Amino acid sequence: MNKKGLAILLRTRMRPNDARDLVRSPLANLVNQTLPNSDGSQSTGRLVQGAPQQRNEKLNASSNNEREFEVVRESMHSAISLRKTEILDSVLNDFSEGYFGLSYENRRKLLELLAKEYDLNRTQVRDLIKQYLGLELPGGSDNAPSTGIEEEACLSAFYRIERNLRHALKPAYEVLFERLNTHPGGLKEENIVSLRALDSYLKEKLSTWLSPATLELHQITWDDPASLLEKIVAYEAVHPISNLIDLKRRLGLGRRCFGYLHPAIPGEPLIFIEVALMKNVAQTVQEVLWDDPPSPECEATSALFYSISSTQPGLQGINLGRFLIKRVITLVKREMTNISTFATLSPIPGYMQWLLSKLASQSKLSEGEDIQHSPADTSGSTFWENILEPEEERALMDASVEFTSGKNSMEVLFNLLTSPNHEWTSSDKLLSALKPPLMRLCARYLLQEKKRGKALDSVANFHLQNGAMVERINWMADRSEKGLNQSGGIMVNYVYRLEKIEDYAQSYFSTGHIHTSSDLSRYVEPLEEPQVTTL
């Protein structure tokens, strides 16, 4: 193993499993070593002897926490109020290091204090509004023409109050975040959902600060520093990187990895995407992750996006992925004219949860209402729905005799899908019986199940709002534990058609329209008001 590989391996193993801990500074880690454990004792390696010593250590730990909090609070106040730029960097460093060294409870407490004590002065805002409303408009109430001097004096009062009002409507905490934005490492924030006003403000600012014009698109290669590659390993959220050989393959021939970097956080991708250059659009994850050797790049006609991962929880709700996908499509198209298709091989994270919930509720409803399972029999409840087609039901009951039993076909299907170690995947007979209903119901889930007028599945909603169409669903595309748990092993190809991206995104945003291929639309029945466009 070369030095670089060893460095990545050692650094990754030294990191905590929780990728969020990557944002902690060395000082924060040092402070955390002295924070109290859940039982109140210090993590110093000493044995706690006797109740008095325990009480003393708890008191000392509490006192230390309070002192640390007050130090960070003072540095935060200085970072907001100081005007001397020559010492501002040092103050911002102290605040950043101190903040990440606090416990979760004290971070939350500090942010709540920031949101309340450094918010708008609403008394001042109300007074200024009253003054503004009390001014006479230039020209007065009569029709007598005003002189230039009178009008200038009247407008001067308007300008003065408007300027003061703009200043009063700017919360004091804005100064802190504007200064952190220009300070190295200062953009890393935690997402505290309870602080709605502050959270809304930060998202608005971050949307501006993190516009594509301020971000650098960087192709990540094996030649990048080990510290950067280590972050790719830690933050990969779709298909975990198993070892250094796997990492090197994803950055090597026939593969690309691109990330957005911000000048304030050097060497730290905010989001990154992995691309496979292939002859055809892949139908299984094995083709992408274990295709060795990969197809020659000169023979590739498809660029397949198979993983996109965001690294900063605090940036949730800011759609950097949309900009990244468009930039990568433009870049790959310019550099490789032989690439004509841009597609994804995507997971369907919500499918199995949706299906199991529906099977459980319908099975209970069927049992309670004593409904006979035939498509013609819809008596008993307006909420009754026969999920399985008659031929699917017969095939399932015949194939499942040796594996499980149930009061009805939906209970049998539920038992199979929740069986230990996914035993149904080892039977060709069961796979054959399960494929028609699971594929049909998956198409229904993707194309027809909505939440607030948009696709229920989070990944589907992401790609559809970015201008993609649903092209194809693939049977047994991901046989991993995660893939079987999420979607019964089914994956989906979304396709980005360059000439249609903006039109598709707009129609989805405005009407919830989902564009799909004619092959996929055959799985679902037309809705009363069609919301699926076939091509």
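Treat the numbers as computed from the prediction; the structure is a model and nothing was measured. (Residues numbered from 1 in each chain as written. Predicted model: local features only at pLDDT ≥ 70, side-chain atom pairs only at ≥ 80, totals over all residues. Heavy atoms only, no water.)

Student: For the overall build of the chain, give the residues involved together with the corresponding values.
Tutor: Looking only at helices and strands, the chain features 21 helices and 11 strands. The burial tally for the chain puts 46% of its 535 residues in the buried class. If you take every contact in the chain between residues at least 6 apart in sequence, the share linking residues at least 24 apart comes to 70%. With an accessible surface of roughly 28,200 Å², the chain has 52% of that area assigned to carbon and sulfur atoms. (Helix = DSSP H or I, 4+ residues; strand = E, 2+ residues; numbered from the N terminus. Buried < 20%, exposed > 50% of the residue type's maximum accessible area, 1.4 Å probe, protein only. Contact = heavy atoms within 4.5 Å. Areas by Shrake-Rupley, 256 points an atom, 1.4 Å probe, with all protein chains shown as cover.)

Student: Please provide a residue-by-residue account of the pattern of salt bridges, values included.
Tutor: Taken as a whole and judged by the stated rule, the model has 16 salt bridges. The partner of Arg73 in a salt bridge is Glu117, with the nearest N and O atoms 3.5 Å apart. Within this pair, whereas Arg73 is found in helix α3 (residues 51-81), its partner Glu117 is found in helix α5 (residues 104-117), the two being separated by 44 residues in sequence. The partner of Asp119 in a salt bridge is Arg122, and the shortest N-O contact between them spans 3.0 Å. Take Arg122: its relative accessible area is 48%, and that puts it in the partly exposed class. By sharing partners, the salt bridges in this structure join Glu236, Asp246, Arg249, Arg250 and Glu274 into a single network. (Salt bridge = Lys/Arg side-chain N within 4 Å of Asp/Glu carboxyl O.)

Student: How would you sum up the environment of Gly453? Please name residues and give values.
Tutor: With respect to the helices and strands, the residue Gly453 is situated in the loop between β6 (450-451) and β7 (454-455). When the C-alpha positions of Gly453 and Tyr508 are compared, they lie 9.3 Å apart, and in sequence the two are 55 residues distant.

Student: Account for the packing of aromatic side chains, naming residues and giving values.
Tutor: Each pair of aromatic rings is reported with the distance of its centres and the angle of its planes. If you walk through the whole model with that rule in mind, you get six aromatic pairs. Residues Phe305 and Tyr496 carry aromatic rings whose centres are separated by 6.5 Å and whose planes lie at 70° to one another, so their mutual orientation is edge-to-face. Here Phe305 is found in strand β4 (residues 302-310), whereas its partner Tyr496 is found in strand β9 (residues 491-496), with 191 residues between them in sequence. Side by side, Phe305 and Tyr496 carry an identical accessibility label, which is buried. Relative to Tyr445, the ring of Tyr351 has its centre 5.8 Å away and its plane inclined at 40°; by these criteria the two rings are tilted. Of this pair, Tyr351 sits in helix α14 (residues 351-369) while Tyr445 sits in helix α17 (residues 428-447), and the two are 94 residues apart along the sequence. According to the relative accessible area criterion, Tyr351 is buried, its value standing at 0%. Here a set of aromatic residues connected by ring pairs shows up, and it is made of Tyr351, Trp354 and Tyr445. A cation sits over an aromatic face here: Lys109 above Phe69, 4.4 Å from the ring centre. One residue, Lys454, lies across the ring of Tyr508, its end atom 5.9 Å from the ring centre. (Phe/Tyr/Trp six-rings, centres within 6.5 Å; stacked < 30°, edge-to-face > 60°. Lys NZ or Arg CZ within 6 Å of the ring centre and 35° of its normal.)

Student: Quick rundown of the environment of Phe414? Include the residues and the values.
Tutor: When you line up the elements, Phe414 lands in helix α16 (residues 409-417). C-alpha of Phe414 to C-alpha of Ala360: the two residues are 54 residues apart in sequence and 7.1 Å apart in space. Residue contacts for Phe414: discarding those within four places in its chain leaves Leu356, Leu359 and Ala360.

Student: For the side chain of Ser346, give the residues involved together with the corresponding values.
Tutor: Following the sequence through the fold, Ser346 ends up in the loop between β5 (341-344) and α14. Of the residues examined, Ser346 reaches a relative accessible area of 3% and is grouped as buried. A polar contact of 2.7 Å, which involves the side chain of Ser346, links it to the side chain of Thr344. Once residues lying within four places of it in the same chain are set aside, the contact partners of Ser346 are Val459, His463, Met491, Val492 and Tyr494. (Polar contact = N/O pair within 3.5 Å; in protein donor to acceptor, adjacent residues only side chain to side chain.)

Student: Residue-level account of unusual backbone geometry, with values.
Tutor: What you tend to see is this: most non-glycine residues have negative phi, and most peptide bonds are trans. Here Asn421, not a glycine, exhibits a phi torsion of approximately 60°, which is positive. Topologically, Asn421 is positioned in the loop between α16 and α17. A positive phi angle, near 50°, is found at Met476, a position not held by glycine. Following the sequence through the fold, Met476 ends up in the loop between β8 (469-474) and α19 (481-487).

Student: Explain the pairing of β4 to me, and be specific about the residues and the numbers.
Tutor: Taking burial as the measure, the nine residues of β4 include seven buried ones, the bulk of the element. Where strand β3 (residues 269-278) lies against β4, eight bridges are found, and the strand directions are antiparallel. Opposite Ile271, over in β4, you have Ser310 as the bridge partner. Sheet topology places β4 next to β5; four bridges connect them, and they run parallel. Paired with Phe305 across the bridge in β5 is Thr344. (Pairing = 2+ DSSP bridges.)

Student: For the confidence of the model for the chain, give the residues involved together with the corresponding values.
Tutor: Note that predicted coordinates carrying low pLDDT should not be read in detail. Here the chain averages 79 in pLDDT, while 72% of its residues score no lower than 70. The model gives residues 187-195 a pLDDT under 50, and that stretch makes 32 contacts with residues more than four places away or in other chains. Every residue in residues 370-382 scores below 50 in pLDDT, and together they form 18 contacts with partners more than four places removed in sequence or on other chains. (pLDDT = per-residue confidence, 0-100.)

Student: Let's hear about the packing of helix α15 (residues 390-399) against α16: which residues, and what values?
Tutor: Taken N-terminus to C-terminus, the directions of α15 and α16 make an angle of 55°; their axes are 10 Å apart at the nearest point. Relative to α16, the element α15 lies oblique. Crossing of α15 over α16 shows left-handed handedness. Along the contact surface, α15 presents Glu393, Leu396 and Met397, while α16 presents Ser409, Val412, Leu413 and Leu416. (Axes fitted to C-alpha atoms, helices over the stretch in contact; angles between N-to-C directions. Parallel < 35°, antiparallel > 145°, perpendicular 65-115°, else oblique. Left-handed = near helix turned anticlockwise from the far one by under 90°.)

Student: Please give an account of helix α18 (residues 458-465) that cites residues and values.
Tutor: Taken residue by residue, α18 has Val459, Ala460, Phe462, His463 and Leu464 as its buried positions. The N-terminus of α18 is capped by Asp457, whose side-chain oxygen sits 3.2 Å from the backbone nitrogen of Val459. Positive backbone phi, approximately 105°, marks Gly467, located one or two places after α18.

Student: Give a description of the environment of Glu389 that names residues and reports values.
Tutor: Tracing the backbone shows Glu389 in the loop between α14 and α15. On the accessibility criterion, Glu389 (28% relative accessible area) is partly exposed. When the C-alpha atoms of Glu389 and Pro437 are compared, they prove to be 7.7 Å apart, with 48 residues separating the residues in sequence.

Student: Can you tell me about the nonpolar core, naming the residues and giving the values?
Tutor: By size, the foremost hydrophobic cluster in this structure holds 73 residues, and its most contacted members are Tyr351, Trp424 and Leu446. No other element matches the 12 residues that α17 contributes to this core. Counting 21 residues, the second largest nonpolar core, distinct from the first, contains Val72, Ala79, Leu113 and Leu180. (Core = buried A, V, L, I, M, F, W, Y, C linked by side-chain atoms within 4.5 Å.)

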